[in-house]
Amino acid sequence: MDTNLNTILEEIRQNPFEKQVITTPHTGVLTFSVKEGAQVKGPGGKWLQRPGSLLFTVERELNSKKIFSPCAGEVSWLHTELEGSFTEAFEPVLTIQYRLTKEKVIERILKQVLTVFAAPQRARYFLSPDFSAAMEKNACPAIKPGDEIFIMSLMKRDTILPYSGDGGVVQNVFFKSGSIVDEGTPLIGVCPPENLESIQKLIAQVRSEWE
Amino acid sequence: MTAEKILIANRGEIAIRIMEACLVLDLDFVVVYTPEDKESMHVELAMDKSHDGVKRAYCISNYRDPNELFAVADATNATAIHPGYGFFSENFRFARRCLARNRKLTFIGPRWEVIRDLGSKINTKRLAKKLGIPVIPGTDMPIYSEIDAEGIAEELFYSQDQQGVREPSVLVKASAGGGGMGIEEVHDLATFRQVYRRIQNYAKRLFGDEGVLIEQCLRDYHHIEVQLLCSQHGEVVHFGTRNCTIQSTGRQKRVEIAPGFDPSVCNYSFEAEKTLEKVVTHSVKLAKHVGYDSVGTWEWVVTQDGMPYLLEVNTRIQVENGISARIARISGMNDYPSLLEEQIRSAFGDKLGYKQQDISFEGTSIELRIVAEDTRRGFSPWCGTITRFDLPMPSSSWTTHTHVPSHRTYTIPTEYDPNLALAIIWGATTDDARVKAKEFIKNTRIEGSGPHGEKIVTNLDYLENRLQNILIF
């Protein structure tokens, strides 16, 4: 595996920020709890059990839903006109600019260095029960072409999606089981067994070098 | 416009049909849509019809979230909710909640108690038995025990054996299911347990109730429906029968015909008209017994020997309501009726204003459900982008309902069924209707490509083939 980690890290260091747009999860009357330019905290605690800073609330059917910041950063844009008004679902509300965390950097690098198995079409994807069980037993389970590892749910029908590509071990799952994934978006990253050690070294290196 | 405003809690062509009914009745409306449906014509038309600058289309997270619907209803001052079909149309808890909230909403459908009583196949079966209405041999209560289930299946296999049935089998059904979901056929007792467990799991996962029904599987039957319309003032009329036997492998209807049988195209081994009369009489009897007060469909199976058995009651407007309306004439009215308009009027407490003797029937109507699916591969859904969608212009021979735009490309959402359009054909006779249906298919042009450039697949050829043998056993 000829990966120049330093080059990739250097590229990331030149622009170590990303923006995340926060949208309303459903309809309701919106009330902001932050202002533009505010610094917000992400979830904390050993198990991320403490929520991040409160961003806004959406009230619907006499129930208030509190939306907390999913990451630490700065509120770089706020859709202030929505304050106090009835808002539709998935309306962009604010943007948080945040510095890439170690995990995000590792994910970016893995997408470049691993053999990626991408979604063949836009659909809802699930990990198959057998593969989920294998992941629970072993963080990096081995797979080979033809293994039934995904369930693709499309137009109310479930289809088993077998893995196609080189055999190896699953180093990373890039999607949340049960979510809608666009065509071409990586689902899993597979690493040949002989490269496993170097990939793990690479991850350890990022963990130690990325502040 | 009147003070009433209807929230249309559905998508696709039925949302458009409800919108059109609202415009005829001079009622205001508002539609909802999910991000996947942003390109649907029901959203575009709702925007177009609001030249007054009032917003009439709202994005929600999910059609199945009642809080979303109530939130939009409150924000837009809607006074009623039309559930269309599917989603909340047969959910008595939703209908009850419309009335139980501080800001009450009219549920456009039957009273919630009626939905509760007839929504359960088991309860319907029990009620029917009580009134002497024939039902399919089998259980009339949900079975939760594997041992009980096996005992019932054994009995049903034995009785079929005694009757000399050539290929005896039983159906295992999720008792809370519907729309053809959660039904499997078992041919021998050895595999029964496996199927029973599968359906039980499915029922628990999808409907939250693992109760299972076990019934004798009837063969060579026709699926007959009776269309009823009732008002809150005790008026009950029927709009004849439909034959919905032509279905996909997933028990989804594809071609429907009204009336249910036509002795001029087939020599039935029984008196077809008398059988249809019988199912209508039984349906009206049950409707009167429960105090039904909206549109509803009584579903029956009629076997080759002309024996009718009540299957279930659909307490909602059906997709195929248009063909029943198309063959009906009400004295004093110039055009054929709209059952959606009648349903809305009835929900707001209007009297029907006509009796059964004012309704007459004329000709045959056929509904074609045009779907993007591969009929040669188990009706597997096709998804991709439609680049050309030209349906023949509406005429006295046919009307169409679709949410697919013809003036721009349209990507079929992957979250829903790939239904494209409904065509309602009318002919003076069944043969005339069949010829016109074929002409309609011949003049339909649908083009498109899938994610990897593959050509669109539709069921048009399948529909044309199935038209050869409609209404015959």
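About the criteria used
- Residues numbered from 1 in each chain as written.
- Chains lettered and ligands numbered in written order.
- Predicted model: local features only at pLDDT ≥ 70, side-chain atom pairs only at ≥ 80, totals over all residues.
- Heavy atoms only, no water.
- Pairing = 2+ DSSP bridges.
- Helix = DSSP H or I, 4+ residues; strand = E, 2+ residues; numbered from the N terminus.
- Contact = heavy atoms within 4.5 Å.
- Axes fitted to C-alpha atoms, helices over the stretch in contact; angles between N-to-C directions.
- Buried area = accessible area lost by both parts, 1.4 Å probe.
- Salt bridge = Lys/Arg side-chain N within 4 Å of Asp/Glu carboxyl O.
- Parallel < 35°, antiparallel > 145°, perpendicular 65-115°, else oblique.
- Nonpolar A, V, L, I, M, F, W, Y, C, P; charged D, E, K, R; others polar.
- Buried < 20%, exposed > 50% of the residue type's maximum accessible area, 1.4 Å probe, protein only.
- pLDDT = per-residue confidence, 0-100.
- Domains from an automatic or database assignment.

1. Looking at the sheet that holds strand E9 (residues 115-118) of chain A
All names here are of chain A. Spatial ordering of the open sheet is given by E9-E16-E14-E11, a layout of 4 strands whose pairing is antiparallel. Single-partner strands in this sheet number two, and they are E9 and strand E11 (142-143). In the sheet, E9 pairs with strand E16 (residues 186-191) via 4 bridges, with the strands oriented antiparallel. Looking across to E16, one finds that Ala118 is bridged to Pro186. Sheet strands in contact with helix H2 (residues 102-113) are E9, strand E14 (168-173) and E16, and its direction is about 145° off that of E14. Where helix H4 (residues 196-209) meets the sheet, its contacts fall on E14 and E16, and the angle it forms with E14 comes to roughly 25°.

2. Observations concerning the interface of chain B and chain A
Contacts between the two partners involve 34 residues from chain B and, on the opposite side, 20 residues from chain A. Overall, the association of chain B and chain A removes approximately 2,100 Å² of surface from exposure, summing both partners, and the carbon and sulfur fraction of that is 52%. Joining chain B to chain A, the criterion identifies 6 salt bridges. A salt bridge links B:Arg101 to A:Glu61; the shortest N-O distance between them is 2.4 Å. For the side of chain B that touches chain A, the secondary-structure elements that each account for two or more residues are strand E3 (57-59), helix H3 (66-75) and strand E18 (380-381) of chain B. A total of 7 residues in the side of chain B that touches chain A trace back to one element, the largest contributor, which is H3(B).

3. Quick word on the packing of helix H1 (residues 12-24) of chain B against helix H2 (residues 41-48) of chain B
All names here are of chain B. With their axes 8 Å apart at the nearest point, H1 and H2 run at an angle of 25° to one another. Between H1 and H2, the crossing angle belongs to the class labelled roughly parallel. Each of Gly12, Ala15, Ile16 and Met19 in H1 lies in contact with H2, whose residues at this interface are Met41, His42, Leu45 and Ala46. A breakdown of the residues in the contact of H1 with H2 according to their chemical character gives 6 nonpolar, 2 polar and no charged.

4. Let's talk about the pairing of strand E5 (residues 63-68) of chain A
Residues and elements named next belong to chain A. As defined by bridge partners, strand E4 (residues 54-60) adjoins E5 across 6 bridges and the pair is classed as antiparallel. Within E5, the residue paired with Phe56 across the bridge is Ile67. What sits between E4 and E5 in their antiparallel hairpin is a turn of 2 residues, with Glu61 showing a positive phi close to 50°.

5. Examining the environment of A:Glu194
Residue and element names in this part refer to chain A. As for its placement among the helices and strands, Glu194 is situated in the loop between E16 and H4. With a relative accessible area of 62%, Glu194 lands in the exposed category. Sequence separation of Glu194 and Leu100 is 94 residues, and the distance between their C-alpha atoms is 29 Å.

6. Brief notes about the pattern of salt bridges
One pass over the full model with this rule turns up 47 salt bridges over all chains. Across the salt bridge formed by A:Arg122 and A:Asp182, the nearest N and O atoms sit 2.7 Å from each other. In this pair, A:Arg122 is assigned in the loop between E9 and strand E10 (123-127) and A:Asp182 in the loop between strand E15 (179-181) and E16, connecting sequence segments 60 residues apart. Of the residues examined, A:Arg122 reaches a relative accessible area of 34% and is grouped as partly exposed. Judged by relative accessible area, which is 40%, A:Asp182 ranks as partly exposed. For B:Lys173, the salt bridge is made with B:Glu215, and the minimal N-O distance between the two is 2.9 Å. Taken together, the residues B:Lys173 in strand E6 (residues 170-174) and B:Glu215 in strand E8 (residues 212-216) connect sequence positions 42 residues apart. Each member of the pair, B:Lys173 as well as B:Glu215, is classed as buried. Among the charged side chains, a salt-bridge network with shared partners connects B:Glu225, B:Arg242, B:Lys253, B:Glu256, B:Glu299, B:Glu320, B:Glu367 and B:Arg369.

7. So, the confidence of the model for chain A
In the predicted model, chain A carries a mean pLDDT of 89, and the fraction of residues at 70 or more is 98%. When mean pLDDT is taken per element in chain A, strand E2 (residues 28-32) of chain A scores highest with 98 and helix H1 (residues 5-14) of chain A scores lowest with 81.

8. Here's the deal with the domain arrangement of chain A
Domain assignment breaks chain A into domain 1 (17-99) and domain 2 (103-209). For domain 1 of chain A and domain 2 of chain A, the distance between their C-alpha centres works out to 30 Å.

9. A look at unusual backbone geometry
Residues and elements named next belong to chain B. The linkage connecting Ala258 with the following residue, Pro259, adopts the cis geometry, with an omega of 0°. Secondary-structure assignment places Pro259 in the loop between strand E11 (253-258) and helix H9 (272-290). A positive phi is found at Asn77, a non-glycine position, where the angle reads about 60°. Relative to the helices and strands, Asn77 resides in the loop between H3 and strand E4 (80-82). Even without glycine at this site, Phe379 takes up a positive phi of about 55°.

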